[in-house]
Amino acid sequence: MSRTRRPLPIAAAVELVSLIVLLGNLATAHLPAISSLAEPIHGCAYLFTVAAARDPQRTVVAAALAWLPGIGGLLALWRLDRTAAQGEQVRAD
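Values in this document were obtained by computation on a predicted structure and should not be read as measured data.

K.L.:
Honestly, the overall build of the protein chain in this entry has me stumped. Any pointers?
P.N.:
From N to C terminus, the protein chain includes four helices and zero strands. In the protein chain, the order of α-helices and β-strands from amino to carboxyl end is α-α-α-α. For the protein chain, the proportion of contacts with a sequence separation of at least 24, taken over those separated by at least 6, is 55%. A total of about 6000 Å² of accessible surface is found on the protein chain, and carbon and sulfur atoms cover 69% of it.

If you want it as C-alpha coordinates, here you go:
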(Lines give C-alpha, C1' and ligand atoms only; values in the text may rest on other atoms or scores of the structure.)
Protein backbone atom coordinates (compact mmCIF):
# COMPACT_ATOMS: atom_id res chain seq x y z
CA MET A 1 0.00 0.00 0.00
CA SER A 2 1.36 3.35 -0.96
CA ARG A 3 1.93 6.05 1.62
CA THR A 4 -0.57 8.34 -0.13
CA ARG A 5 -3.29 5.72 0.27
CA ARG A 6 -2.67 5.22 3.99
CA PRO A 7 -5.64 7.27 5.33
CA LEU A 8 -8.15 5.45 3.11
CA PRO A 9 -8.35 2.17 5.08
CA ILE A 10 -8.75 4.05 8.35
CA ALA A 11 -11.47 6.32 6.97
CA ALA A 12 -13.26 3.40 5.31
CA ALA A 13 -13.23 1.37 8.53
CA VAL A 14 -14.52 4.30 10.61
CA GLU A 15 -17.25 4.90 8.06
CA LEU A 16 -18.37 1.27 8.08
CA VAL A 17 -18.29 0.94 11.88
CA SER A 18 -20.20 4.19 12.38
CA LEU A 19 -22.85 3.05 9.90
CA ILE A 20 -23.20 -0.26 11.77
CA VAL A 21 -23.59 1.66 15.04
CA LEU A 22 -26.24 3.91 13.50
CA LEU A 23 -28.22 1.04 12.02
CA GLY A 24 -27.90 -1.00 15.22
CA ASN A 25 -29.16 1.92 17.25
CA LEU A 26 -32.05 2.40 14.83
CA ALA A 27 -33.01 -1.28 15.05
CA THR A 28 -32.84 -1.46 18.86
CA ALA A 29 -33.18 1.32 21.42
CA HIS A 30 -32.88 4.34 19.10
CA LEU A 31 -31.12 6.40 21.74
CA PRO A 32 -30.73 10.05 20.71
CA ALA A 33 -27.32 10.31 22.39
CA ILE A 34 -25.88 7.56 20.20
CA SER A 35 -27.39 9.06 17.07
CA SER A 36 -26.12 12.54 17.83
CA LEU A 37 -22.60 11.17 18.29
CA ALA A 38 -22.47 8.63 15.46
CA GLU A 39 -24.12 10.72 12.73
CA PRO A 40 -21.42 13.42 12.51
CA ILE A 41 -18.68 10.80 12.77
CA HIS A 42 -20.22 8.84 9.92
CA GLY A 43 -20.71 11.96 7.79
CA CYS A 44 -17.14 13.14 8.29
CA ALA A 45 -15.72 9.66 7.66
CA TYR A 46 -17.81 9.37 4.48
CA LEU A 47 -16.54 12.69 3.11
CA PHE A 48 -12.97 11.87 4.12
CA THR A 49 -13.24 8.47 2.40
CA VAL A 50 -14.36 10.08 -0.84
CA ALA A 51 -11.49 12.57 -0.64
CA ALA A 52 -8.93 9.93 0.36
CA ALA A 53 -9.87 7.74 -2.60
CA ARG A 54 -8.27 10.34 -4.85
CA ASP A 55 -5.12 8.46 -5.71
CA PRO A 56 -2.64 9.12 -8.55
CA GLN A 57 -3.35 5.60 -9.85
CA ARG A 58 -7.10 5.77 -9.37
CA THR A 59 -9.54 4.56 -11.96
CA VAL A 60 -13.02 5.84 -12.68
CA VAL A 61 -14.42 2.69 -11.06
CA ALA A 62 -12.46 3.22 -7.82
CA ALA A 63 -13.54 6.85 -7.62
CA ALA A 64 -17.18 5.88 -8.20
CA LEU A 65 -17.04 3.09 -5.61
CA ALA A 66 -15.88 5.54 -2.95
CA TRP A 67 -19.22 7.36 -3.23
CA LEU A 68 -21.15 4.30 -1.99
CA PRO A 69 -22.07 4.81 1.67
CA GLY A 70 -20.76 2.30 4.18
CA ILE A 71 -18.87 -0.23 2.09
CA GLY A 72 -17.71 2.07 -0.75
CA GLY A 73 -14.41 3.01 0.87
CA LEU A 74 -13.42 -0.61 1.32
CA LEU A 75 -14.45 -1.43 -2.25
CA ALA A 76 -12.45 1.52 -3.57
CA LEU A 77 -9.41 0.39 -1.56
CA TRP A 78 -9.80 -3.13 -2.96
CA ARG A 79 -10.02 -1.74 -6.49
CA LEU A 80 -6.97 0.51 -6.04
CA ASP A 81 -4.92 -2.41 -4.65
CA ARG A 82 -6.05 -4.62 -7.51
CA THR A 83 -5.12 -1.97 -10.09
CA ALA A 84 -1.70 -1.50 -8.45
CA ALA A 85 -1.08 -5.27 -8.42
CA GLN A 86 -1.97 -5.54 -12.10
CA GLY A 87 0.38 -2.66 -12.88
CA GLU A 88 3.23 -4.37 -11.02
CA GLN A 89 2.51 -7.62 -12.84
CA VAL A 90 2.64 -5.89 -16.22
CA ARG A 91 5.97 -4.22 -15.31
CA ALA A 92 7.43 -7.58 -14.24
CA ASP A 93 6.62 -9.19 -17.60
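K.L.:
Explanation requested: the side chain of Ser 18 in the structure shown.
P.N.:
With respect to the secondary-structure elements, Ser 18 resides in helix α1 (residues 7–27). Looking at Ser 18, its side chain comes within polar contact range of the main-chain oxygen of Glu 15, at 2.9 Å.

K.L.:
Would you take a moment to explain the nonpolar core for this structure?
P.N.:
Side chains of a nonpolar character, in soluble globular proteins, are inclined to be buried together. Leu 8, Ala 52, Ala 53, Ala 62, Leu 65, Ala 66, Ala 76, Leu 77 and Leu 80 form the largest nonpolar core, which has nine residues in total. Put simply, the parts of the chain that give this core at least two residues each are α3 (60–65) and α4 (72–92). No other element matches α4, which puts three residues into this core.

K.L.:
What should I look at first to understand the side chain of Thr 49 in this one?
P.N.:
In this structure, Thr 49 sits in helix α2 (residues 32–52). Judged by relative accessible area, which is 0%, Thr 49 ranks as buried. Setting aside residues up to four positions removed in sequence, Thr 49 forms contacts with Leu 8, Ala 11, Ala 12, Glu 15, Ala 66 and Gly 73.

K.L.:
Is there a simple way to explain the environment of Asp 55 in this structure?
P.N.:
Examined against the element boundaries, Asp 55 turns out to sit in the loop between α2 and α3. Relative accessible area serves as the criterion here: at 3%, Asp 55 is assigned to the buried category. C-alpha separation for the pair Asp 55 and Leu 8, spaced 47 residues apart in sequence, amounts to 9.8 Å.

Cut-offs applied
- Residues numbered from 1 in each chain as written.
- Predicted model: local features only at pLDDT ≥ 70, side-chain atom pairs only at ≥ 80, totals over all residues.
- Heavy atoms only, no water.
- Helix = DSSP H or I, 4+ residues; strand = E, 2+ residues; numbered from the N terminus.
- Contact = heavy atoms within 4.5 Å.
- Areas by Shrake-Rupley, 256 points an atom, 1.4 Å probe, with all protein chains shown as cover.
- Polar contact = N/O pair within 3.5 Å; in protein donor to acceptor, adjacent residues only side chain to side chain.
- Core = buried A, V, L, I, M, F, W, Y, C linked by side-chain atoms within 4.5 Å.
- Buried < 20%, exposed > 50% of the residue type's maximum accessible area, 1.4 Å probe, protein only.

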